[in-house]
Amino acid sequence: MLAPQTPDSVLDDRQSRIIIGIGEALFDCFEDRSVMGGAPLNAALIAHALGPTFGLGAAMVSRVGRDELGDRLLETLRQRDFETRWIQRDDSAPTGRVLVEMADGEPHYEILENVAWDRLAWNEELAKLAPTVAGITFGTLAQRSEASGETIRQFLESATAAVRMFDVNLRQSFYSPDVLRRSCELADAVKLNGDELQVVAEQLEFGGANEPTSELVERFRQAFELRAVVLTHGSRGTELVTADGRYTAPVPRFPAEEGADPVGAGDACGAACLLGLVLDWPPQRIVTTANRTGAYIASRRGATPRIDAQAVMELLTAGD
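Residues numbered from 1 in each chain as written. Predicted model: local features only at pLDDT ≥ 70, side-chain atom pairs only at ≥ 80, totals over all residues. Heavy atoms only, no water.

Q: Please explain the overall build of the protein as it appears in this structure.
A: Within the protein, the regular secondary structure consists of 10 helices and 13 strands. In summary, the protein has a C-alpha radius of gyration of 18 Å against a globular reference of 20 Å for 320 residues, a match within 12%. Along the first, second and third principal axes, the C-alpha set of the protein runs to 50 × 45 × 40 Å. If you take every contact in the protein between residues at least 6 apart in sequence, the share linking residues at least 24 apart comes to 71%. Side chains of the protein give 31 positive and 48 negative charges; the mean places of these two sets differ by 3 Å. (Helix = DSSP H or I, 4+ residues; strand = E, 2+ residues; numbered from the N terminus. Rg over C-alpha atoms; globule rule 2.2 N^0.38 Å. Contact = heavy atoms within 4.5 Å. Lys, Arg positive; Asp, Glu negative; His and termini not counted. Charge placed at Lys NZ, Arg CZ, Asp CG, Glu CD.)

Q: Please clarify how helix H8 (residues 265-278) should be interpreted in this entry.
A: Owing to its 3.6 residues per turn, the α-helix brings residues three or four apart onto one side. Taking 1.5 Å per residue, 14 residues should reach 20 Å; H8 reaches 20 Å between its end C-alpha atoms and fits that length. Here H8 lies mainly inside the structure; 13 of its 14 residues are buried. Looking one or two residues past H8, Asp280 carries a phi angle of roughly 60°, positive in sign. (Expected span 1.5 Å × (residues − 1). Buried < 20%, exposed > 50% of the residue type's maximum accessible area, 1.4 Å probe, protein only.)

Q: So what exactly am I meant to see when it comes to the packing of helix H9 (residues 283-298) against helix H10 (residues 309-317) here?
A: The description of two helices packed together rests on the angle between their axes and the distance between the axes. Relative orientation of the contacting elements H9 and H10 amounts to 145°, with a least axis distance of 8 Å. Here Arg285, Thr289, Arg292, Thr293 and Tyr296 of H9 lie close against H10, whose contacting residues are Ala311, Glu314, Leu315 and Leu316. Class assignment for the residues of the contact of H9 with H10 results in four nonpolar, two polar and three charged. (Axes fitted to C-alpha atoms, helices over the stretch in contact; angles between N-to-C directions. Nonpolar A, V, L, I, M, F, W, Y, C, P; charged D, E, K, R; others polar.)

From the geometry alone we can't say anything about function, so treat these as descriptive.
Okay, structure coming up:
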């Protein structure tokens, strides 16, 4: 499956397959700074760092405004040699923003609506791309509008050769039973935490409140015939559940740089799991690499720090 090539592409012959993040590309706007983010973009950037070792590239399918933040997002990605050709521009809707307000040391979020990624459009370029990709990560947030939700559905249905990972990632009220069910049906793997598992079980009526997590996960996996369920436990790491069993691994500690925060650690775990599923790694290697990648990102500042070649090899060879 060859990635489409054009003269200005940053994908090269060593990256013959692509992992795609599809959905929201945005900025988290604090009082004193704005930080590029969005769960599928965070995951795609981690795949961009880890994938080339195995001949995998990464790219993002999204939409940004024709504004200063949109220009900044695209320029930042290009500076990191990240493919941007499938990020659409919108002439009237602004680039997505999340307003972050700190109160008593805790962040409170307002995800603005009617932004560019709410208008992600299906087009000929996406129709050509979808059948070629090796893996996809997608979530609920970008499906809150009819336009972007339909585009994501079409992309997933057309990506017949891809491992499709649904990152549940519930935000505010931007999800529904229909979106959850459709996403699970289109997925090969699902990533979620314990609280999200309870919400999904209630919304899709496959489990009761306070039911043991182990039973709930297995019923969930079987109900949607999933290849894997990635159950995240915050600082305690990731658990991988497949038809063959449940897999865990130690969570290492990396020296933390100044200003380190855990933002994006879960997205990094998901990216490593998707990479491992695409490459058909043994489950134990997948969960080991996921825990190491998540812990490394938690030791850095921001969700998508640059990962140098030495760190990449340390993260990847630890799972051998």
